[in-house]
Amino acid sequence: MYILCRHLRGEYILSDTIAAVSTAMTSSSGIGIVRMSGPDAVRIADLVFRGKRPGKLSDMPSHTIHYGYIFDGDDIIDEVLLMLMKAPNTYTREDVVEIDCHGGPLVLQSVLDLLIRRGARPADPGEFTKRAFLNGRIDLSQAEAVMDIIQSKSTFALKNSVGMLRGSIKDKIIELRKSIMHDIAWIEASLDDPEHIDSADIGPLIAEHIQGWMSEIDGLISENARVLKEGVKTVILGKPNAGKSSIMNVLLGQDRAIVTDIAGTTRDTLEEEVNLAGIPLIIVDTAGIHRTDDLVEKIGVDRARDSLKDADLIIYVVDRSTRLDQNDYDIMDMIRGRNVIVLMNKSDLECRADAAQIADKLDAPLVEVSAKEETGIDQLAALVKKMFLSGNISYNDQVFLTNARQKAAADRARDSLRLVARSIEDGMPEDLFTVDLMDAYEELGHIIGQSVGEDMIDAIFSQFCMGK
């Protein structure tokens with residue numbers, strides 16, 4: 001059943017009732033949730049649900065939980081708890097019904113199929129959150145924060161995403177736009193009434209405002225935000241048998257990489273994710289770098305070299321129980337000038353590697369570790385945290401743009417403000433200021449979903465998981 005209705009943004013949209021499984025379907029679990037949203041959600045639920053207490057769900061108060069069974073005709077599909085939430089105080093601002101089933105994929109699919117046969121349609125990816133946005137409950141930055149929460153790889157990223165969901169970004173953007181629009185209106189007023197407003201005062205004051213606005217935007221698009229969102233691209237490098245794979249296994253807390261006493265065991269790159277001191281690392285273990293005539297080993301060494309191109313961090317593992325050789329010097333020449341942490345591995349054995357020579361070659365911290373004894377990892381974690389968070393991110397109320405789309409809009413807004421500042425410096429007429437100020441105003445609006453086209457909205461929500 002399709003209903004044409006007006007949502008809070010003042011536009012007309014087609015509103016039907018959607019349904020989806022909102023929990024994982026890949027394996028069995030204790031519980032699973034099937035969710036419906038739309039004008040017919042309660043009516044459809046009444047058709048399939050029989051509660052232990054008499055009465056129709058449509059007659060029950062909102063935000064109540066009901067125990068009973070899902071029936072397909074006379075056949076029981078499952079014993080469930082049903083959560084009844086009536087508009088407008090729901091996730092989507094529509095009537096919402098959530099059915100807590102047993103978590104088997106078959107029973108969840110059976111309940112979903114039944115709801116669809118009774119009048120719902122399968123939800124598109126992210127459609128529940130999309131409706132929350134279209135119905136005005138959240139803005140676009142909050143909607144994208146929902147997916148960021150689901151995909152958070154660190155405690156910092158999670159806290160940042162929760163802050164965005166609560167409206168921290170929205171509040172900042174609204175305040176910035178309000179301030180910019182105030183100055184635009186002031187410029188227009190001075191042009192319309194030059195006798196009462198001295199245009200000579202406009203340029204210097206707006207220039208001062210621009211510095212403040214740009215400072216606010218810079219605070220939102222810190223490089224630390226990318227680290228929080230994507231993780232630190234980390235390459236473990238070293239010559240054969242230095243203990244690279246052993247270090248990776250220690251960081252992962254499991255035997256992921258093959259470790260033997262035979263040099264050259266790793267012949268290809270191996271990528272895994274690990275959380276170290278609250279910072280997500282995308283770790284690549286590589287083949288030992290050395291000069292060789294073996295064709296397969298050469299391919300592994302070439303791939304190790306290629307992995308360095310996009311690395312944010314290089315962990316150079318040195319076997320401190322052996323003397324440095326030409327392979328070590330080749331590696332140090334390769335990574336000089338990059339973000340490097342040197343791990344002096346096998347600290348449980350006698351030291352024969354010359355740390356002074358490494359310090360002379362590389363401007364990088366050295367950490368004594370033992371993969372065998374699993375020591376020194378805390379010092380490594382502290383260095384990574386210091387290197388990539390630089391004391392600028394902590395558990396406070398500061399929020400960053402971690403979304404690439406949002407960051408690009410903020411960058412464009414900043415560029416427009418720079419153009420205004422340049423126009424002021426060059427003594428350009430005041431009416432030219434408003435063009436770039438309005439561009440900045442519009443770009444900031446894109447962050448929270450103002451002036452965003454339908455195609456962009458569809459593209460954003462298509463990246464969400466099903467049932468969210």
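Considerations on the overall build of the chain
When its secondary structure is counted, the chain shows 16 helices and 15 strands. Of the contacts formed within the chain by residues at least 6 apart in sequence, a portion of 67% connects residues at least 24 apart. With the model as given, the accessible surface of the chain reaches about 22,800 Å², and the carbon-plus-sulfur share is 50%.

Looking at the confidence of the model for the chain
Where the model shows low pLDDT, its predicted coordinates should not be examined in detail. Taken as a whole, the chain shows an average pLDDT of 82; of its residues, 83% reach a score of 70 or greater. Note that residues 391-396 has pLDDT below 50 and, in this model, 12 contacts with residues that lie over four places away or in other chains.

Concerning the pattern of salt bridges
The final tally for this structure, using the stated rule, is 22 salt bridges. We note a salt bridge from Arg117 to Asp72, for which the minimum N-O separation is 2.7 Å. Of this pair, Arg117 sits in helix α2 (residues 105-117) while Asp72 sits in strand β6 (residues 64-72), and the two are 45 residues apart along the sequence. Given a relative accessible area of 28%, Asp72 falls into the partly exposed group. Ionic contacts of the salt-bridge type, sharing partners, join the residues Asp16, Glu94, Arg121, Glu127 and Arg131 into one network.

Comments concerning the environment of Ser423
Locating Ser423 in the fold gives a position in helix α14 (residues 404-425). Between the C-alpha atom of Ser423 and that of Asp436, which follows or precedes it by 13 residues, the distance is 9.6 Å. In this structure, Ser423 is in contact with Met428, Phe433 and Asp436, ignoring residues within four places of it in sequence.

Regarding the sheet that holds β6
Judged by pairing direction, the sheet is mixed, and its 7 strands sit side by side in the order β5-β6-β7-β8-β4-β3-β9 without closing on themselves. Every interior strand has two partners, whereas the edge strands, β5 (49-51) and β9 (121-122), have only one. Summarising the sheet, strand β3 (residues 18-21) and β9 pair through 2 bridges and their orientation is parallel. Its bridge partner lying in β9, Ala19 is registered against Pro122. Sheet contacts for helix α1 (residues 41-48): β4 (29-37), β5, β6, β7 (75-85) and β8 (96-103); angle to β5, the most-contacted strand, approximately 70°. Running over the sheet, helix α3 (residues 127-134) touches β3, β4 and β9 and is turned about 135° from β3.

Concerning the packing of aromatic side chains
In this structure the tally under the stated criterion is 1 aromatic pair. One residue, Arg177, lies across the ring of Tyr441, its end atom 3.8 Å from the ring centre.

Notes on helix α4 (residues 140-150)
Summarising burial for α4: 9 of the 11 residues are buried, a large majority. All buried positions along α4 are accounted for by Leu140, Ser141, Gln142, Ala143, Glu144, Ala145, Val146, Met147 and Asp148.

Considerations on the side chain of Asp319
Looking at the element boundaries, Asp319 is found in strand β13 (residues 313-319). Of note is the side chain of Asp319, whose polar atom sits 3.1 Å from the side chain of Lys346. Setting aside its immediate chain neighbours within four residues, Asp319 contacts Asn241, Ala242, Asn345, Lys346 and Ala353.

A short note on the nonpolar core
Among the nonpolar cores identified, the biggest contains 32 residues, and Ile210, Leu437 and Ile447 are the most heavily contacted of them. Residue assignment for this core shows that the elements contributing at least two residues are α6 (168-192), α7 (202-220), α14 and α15 (433-448). Discounting chain neighbours no more than four positions away, the residues touching Ile210 are Leu417, Val420, Ala421 and Ile424. Membership of the second largest hydrophobic core comes to 27 residues, among which are Ala242, Met248, Leu251 and Ile279.

Examining the sheet that holds strand β11 (residues 270-276)
The strand order β11-β12-β10-β13-β14-β15 describes an open sheet built from 6 strands, whose pairing is mixed. Each edge of the open sheet carries a strand with a single partner, namely β11 and β15 (366-368). With direction set aside, neighbouring strand axes in the sheet form an average angle of 25°. Relative to β13, strand β10 (residues 232-237) is paired through 4 bridges, and the arrangement is parallel. Following the sheet pairing, Ile236 is matched in β13 by Ile315. Strands in contact with helix α9 (residues 244-252) are β10, β11, β12 (279-285), β13 and β14 (340-345); relative to β11, the strand with the most contacts, it is inclined by about 45°. Each of β10, β13 and β14 touches helix α11 (residues 326-335); the most contacted strand, β13, lies at about 165° to it.

Things to note about α7
Compared with an ideal rise of 1.5 Å per residue, which puts 19 residues at 27 Å, α7 spans 27 Å between its outermost C-alpha atoms and is within 8% of the ideal. Ile202, Gly203, Ile206, Ile210, Trp213, Met214, Ile217 and Leu220 are the residues of α7 that are buried. All buried residues of α7 project into a common sector of 105° when viewed along the axis, lining one side. Opposite the buried face of α7, by more than 90 degrees, sit the exposed residues Pro204, Glu208 and Gln211.

Some words on the environment of Met344
Looking at the element boundaries, Met344 is found in strand β14. Separated by 24 residues in the primary sequence, Met344 and Glu368 place their C-alpha atoms 4.8 Å from one another. Beyond its immediate stretch of four places on either side in the chain, Met344 contacts Val318, Arg320, Ala353, Ala355, Ile358, Leu366, Val367, Glu368 and Val369.

Details of unusual backbone geometry
The amide bond that connects Ala87 to the next residue, Pro88, takes the cis arrangement and shows omega of 10°. Along the chain, Pro88 turns up in the loop between β7 and β8. Its identity is not glycine, yet Lys346 carries a phi of approximately 70°, on the positive side. Mapped onto the fold, Lys346 is located in the loop between β14 and α12 (355-361).

Regarding the packing of α14 against α15
Look at α14 against α15: their axes get within 8 Å of each other, and the N-to-C directions meet at 165°. When the interaxial angle is binned, α14 and α15 end up roughly antiparallel. In this structure, α14 crosses over α15, and the sense of that crossing is left-handed. For the pair α14 and α15, the contacting residues are Arg405, Gln406, Ala409, Ala410, Arg412, Ala413, Ser416, Leu417, Leu419, Val420, Ser423 and Ile424 in the first and Phe433, Asp436, Leu437, Asp439, Ala440, Glu443, Leu444, His446 and Ile447 in the second. For the contact of α14 with α15, the residue count by class is 12 nonpolar, 4 polar and 5 charged.

Criteria and thresholds
Residues numbered from 1 in each chain as written. Predicted model: local features only at pLDDT ≥ 70, side-chain atom pairs only at ≥ 80, totals over all residues. Heavy atoms only, no water. Helix = DSSP H or I, 4+ residues; strand = E, 2+ residues; numbered from the N terminus. Contact = heavy atoms within 4.5 Å. Areas by Shrake-Rupley, 256 points an atom, 1.4 Å probe, with all protein chains shown as cover. pLDDT = per-residue confidence, 0-100. Salt bridge = Lys/Arg side-chain N within 4 Å of Asp/Glu carboxyl O. Buried < 20%, exposed > 50% of the residue type's maximum accessible area, 1.4 Å probe, protein only. Pairing = 2+ DSSP bridges. Axes fitted to C-alpha atoms, helices over the stretch in contact; angles between N-to-C directions. Phe/Tyr/Trp six-rings, centres within 6.5 Å; stacked < 30°, edge-to-face > 60°. Lys NZ or Arg CZ within 6 Å of the ring centre and 35° of its normal. Polar contact = N/O pair within 3.5 Å; in protein donor to acceptor, adjacent residues only side chain to side chain. Core = buried A, V, L, I, M, F, W, Y, C linked by side-chain atoms within 4.5 Å. Expected span 1.5 Å × (residues − 1). Arc of directions from axis to C-beta. Parallel < 35°, antiparallel > 145°, perpendicular 65-115°, else oblique. Left-handed = near helix turned anticlockwise from the far one by under 90°. Nonpolar A, V, L, I, M, F, W, Y, C, P; charged D, E, K, R; others polar.

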